[in-house]
Amino acid sequence: MSRADRAEGAPENRPPSIDRMAGWPALASLIERAGRPLVIEALRAWVEAERGTPDVADEIACARWCAARLAGLVQSSQRRVFNLTGTVLHTNLGRAVLAEEAIAAAVEAMRSPTTLEYDLGGGARGERDQHIAPWLCRLTGAEAATAVNNNAAAVLLALGALAAGREVIVSRGELIEIGGAFRIPDIMAHAGCRLVEVGTTNRTHLKDYAAAIGPDTAAIMKVHPSNYAIQGFTKSVAAAELVPLAREKGLSLIEDLGSGTLADLETWGLPHEPTAREAIEAGVDVVTFSGDKLLGGPQAGLLVGRRPLIERIARHPLKRALRLDKVRLAALEATLRLYADPTRLVERLPTIRALARSADEIRAQAERLLPAFARALAGLQTSIEEVRGQIGSGALPVDLLPSFALAVRGKGLDKIANAFRALPIPVIGRIADGTLFFDLRTLDDEAAFAAQLDTFDGVAG
């Protein structure tokens with residue numbers, strides 16, 4: 001109890017007023033961080049919890065209790081983590097890590113008013129797509145481009161603008177479902193289109209598309225099966241083969257590339273993934289793809305293609321509801337600008353850098369970290385293990401990335417994994433085959449990770 005409270009003769013087990021408690025010096029720093037209203041709320045909870053005990057008027061004990069109670073509120077609920085799952089583009093962990101240039105551009109856009117929709121030359125209203133459309137056209141060869149808040153929105157908008165009330169033909173082998181219950185049939189229904197399925201699950205021919213075209217047909221849609229693969233006795237029709245048919249019948253040809261990429265991944269020894277430029281050069285009318293997956297930028301859905309169709313899409317009323325804000329547009333523009341110099345993408349774009357890392361480089365990192373890892377888990381079996389990771393977010397699902405992981409075997413792996421998740425920078429691994437793996441392909445801050453190992457008070461046993 002403070003001297004002032006004792007001077008007033010307050011009983012030992014009776015709390016002082018909430019206002020007087022809020023003036024205690026021990027609470028000053030907490031009020032500065034969390035604000036007086038939240039501290040007052042915590043003080044009321046403290047009094048209720050400790051009423052009738054000597055501690056209720058203990059300034060130091062009260063300050064510690066209130067600080068612990070408010071810790072979760074004053075800390076951001078989104079926290080930095082080490083993604084050592086083996087999945088480079090992990091949807092639950094935020095997908096692509098942005099380039100420093102994109103981060104700087106986003107911060108600059110947040111700090112002040114910008115020319116988001118303002119034309120400095122004419123002093124009149126501008127168009128927000130103009131910040132990214134020229135870059136998308138340059139990088140894909142398209143006549144026009146626009147962007148919305150994710151690729152599901154891009155598909156919905158394209159279908160709604162070009163085929164509402166009419167039929168869209170899709171191969172049965174391409175009626176995909178991705179995470180979050182995104183299903184092509186459902187998206188078509190919400191866009192107001194009528195789905196016409198052709199072919200079978202494993203085989204679709206050009207004649208199947210041709211036979212399905214009728215007076216109500218508006219478009220043919222190709223969907224890249226980026227999160228699965230059908231193998232064996234299969235047949236599909238490439239977009240380039242559909243172009244003459246769509247042109248002859250006056251139909252729009254739409255291709256959803258899903259993850260999408262602007263670079264040839266084979267440059268870095270990775271399997272080929274269709275690029276937006278390839279689709280445009282093949283004659284596809286509208287191509288949709290993601291901004292926050294293989295492209296390595298912020299969350300966005302990108303649409304490129306023939307000018308009349310893109311302009312029609314951009315005029316659709318739903319476009320305003322799905323548009324990007326100035327922060328993501330700034331980050332996206334900065335990311336696209338990096339693709340003007342493909343030879344430096346490994347150096348400047350974290351997603352490409354992680355994908356391009358050689359297994360030898362990752363193993364060398366594992367060997368540097370193993371001694372500290374073994375000390376942190378003394379008493380348990382630790383080792384370096386050769387593993388196979390994946391790109392993630394629906395990209396190249398059957399093509400695995402050779403990598404190396406720090407591994408621990410023994411009892412209580414769930415408890416150990418929980419202890420790593422409880423670190424100041426949580427470490428997220430994966431458990432498989434009786435082993436807890438920490439795949440190092442995406443470990444870009446070795447010093448911070450090693451420092452946490454040195455202070456880890458783990459769960460040996």
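If you're wondering where the values come from, they're calculated on a predicted model, not measured in any experiment.

Colleague: Mind laying out the layout of surface pockets, listing which residues take part and the relevant values?
Modeller: Quantified by volume, the largest pocket comes out at close to 1000 Å³. Of all the elements in the fold, those that place two or more residues in the lining of the largest pocket are β1 (82-83) and α17 (350-356). Here the lining of the largest pocket takes four residues from α17, the largest share from any one element. A class-by-class count of the residues in the lining of the largest pocket yields 13 nonpolar, eleven polar and nine charged.

Colleague: Let's hear about the pattern of salt bridges: which residues, and what values?
Modeller: In total, this model carries 24 salt bridges according to the counting rule given. Arg357 is the partner of Glu361 in a salt bridge, and the nearest nitrogen-oxygen pair spans 3.3 Å. Under the relative-accessibility criterion, Glu361 is labelled partly exposed at 42%. We classify Arg357 as buried; its relative accessible area is 12%. Arg368 is the partner of Glu446 in a salt bridge, and the nearest nitrogen-oxygen pair spans 2.7 Å. In this pair, Glu446 sits in helix α20 (residues 446-454) while Arg368 sits in helix α18 (residues 359-376), placing the two residues 78 residues apart along the sequence. What makes Glu446 partly exposed here is its relative accessible area of 21%. What emerges from the salt-bridge pattern is a single network uniting Glu117, Arg125, Arg128 and Arg323.

Colleague: I'd love a proper account of the packing of aromatic side chains, names of residues and values included.
Modeller: Using the criterion set out here, one finds six aromatic pairs in the structure. When the ring of Phe373 is compared with that of Phe438, the centres are 6.0 Å apart and the planes differ by 80 degrees; the resulting orientation is edge-to-face. With Phe373 in helix α18 and Phe438 in strand β17 (residues 435-439), the pair connects residues that are 65 residues apart, well separated along the chain. Through successive ring pairs, a cluster of aromatic residues spans Phe373, Phe420, Phe438 and Phe456.

Colleague: Describe the side chain of Ser171, listing the residues and the values that go with them.
Modeller: Topologically, Ser171 is positioned in strand β5 (residues 167-171). With relative accessibility at 5%, the residue Ser171 sits in the buried group. From its side chain, Ser171 meets the backbone nitrogen of Gly173 in a polar contact 3.1 Å long. Once residues lying within four places of it in the same chain are set aside, the contact partners of Ser171 are Val198, Thr200, Thr204 and Tyr209.

Colleague: I'd like a description of unusual backbone geometry, backed by residues and values.
Modeller: Backbone geometry places Arg95, a non-glycine residue, at a positive phi of 55 degrees. Relative to the helices and strands, Arg95 is located in the loop between β1 and α6 (100-111). Using a relative accessible area of 22% as the deciding quantity, one classes Arg95 as partly exposed. Its identity as a non-glycine residue notwithstanding, Asp433 has a phi of 55 degrees, on the positive side. With respect to the helices and strands, the residue Asp433 is situated in the loop between β16 (430-432) and β17. Asp433 gets classed as exposed once you look at its relative accessible area, which sits at 81%.

Colleague: Which residues make up the sheet that holds strand β11 (residues 286-290), and what values do they have?
Modeller: On the basis of which strands lie adjacent, the open sheet formed by seven strands has the order β4-β12-β11-β10-β9-β5-β8 and mixed pairing. The open sheet has two free edges, formed respectively by β4 (144-148) and β8 (194-198), since each of these has just one partner strand. For this sheet, the mean angle separating the axes of adjacent strands, direction not counted, is 25 degrees. Contacts between helix α8 (residues 151-163) and the sheet are confined to β4, β5, β9 (217-223), β10 (252-256), β11 and β12 (301-305), with β11 contributing the most and set at about 160 degrees to the helix.

Colleague: Please provide a residue-by-residue account of the nonpolar core, values included.
Modeller: Counting 57 residues, the largest nonpolar core has Phe289 and Leu336 as its most contacted members. Grouped together as the second largest cluster of nonpolar side chains are 31 residues, Val148, Val155, Ala218 and Met221 included.

Colleague: Please set out the sheet that holds strand β14 (residues 401-409) residue by residue, giving values where relevant.
Modeller: Reading across from one edge, β13-β14-β17-β16 is the order of the four strands in this open sheet, with antiparallel pairing throughout. Two strands bound the open sheet, and with one partner strand each, they are β13 (381-389) and β16. Ignoring strand direction, the axes of neighbouring strands in this sheet form an average angle of 40 degrees. Across nine bridges, the pairing between β13 and β14 is antiparallel. In the strand pairing of β14, Ile384 is matched with Leu406. Across the face of the sheet, helix α19 (residues 413-421) comes into contact with β14, β16 and β17 while running at roughly 30 degrees to β17.

Cut-offs applied
Residues numbered from 1 in each chain as written. Predicted model: local features only at pLDDT ≥ 70, side-chain atom pairs only at ≥ 80, totals over all residues. Heavy atoms only, no water. 1 Å grid on protein atoms, 1.4 Å probe; cavity = no way out; pocket = protein on both sides within 12 Å on 5 of 7 lines; lining within 4 Å. Points joined across faces, edges and corners; volume = space filled by probe spheres on them. Helix = DSSP H or I, 4+ residues; strand = E, 2+ residues; numbered from the N terminus. Nonpolar A, V, L, I, M, F, W, Y, C, P; charged D, E, K, R; others polar. Salt bridge = Lys/Arg side-chain N within 4 Å of Asp/Glu carboxyl O. Buried < 20%, exposed > 50% of the residue type's maximum accessible area, 1.4 Å probe, protein only. Phe/Tyr/Trp six-rings, centres within 6.5 Å; stacked < 30°, edge-to-face > 60°. Polar contact = N/O pair within 3.5 Å; in protein donor to acceptor, adjacent residues only side chain to side chain. Contact = heavy atoms within 4.5 Å. Pairing = 2+ DSSP bridges. Axes fitted to C-alpha atoms, helices over the stretch in contact; angles between N-to-C directions. Core = buried A, V, L, I, M, F, W, Y, C linked by side-chain atoms within 4.5 Å.

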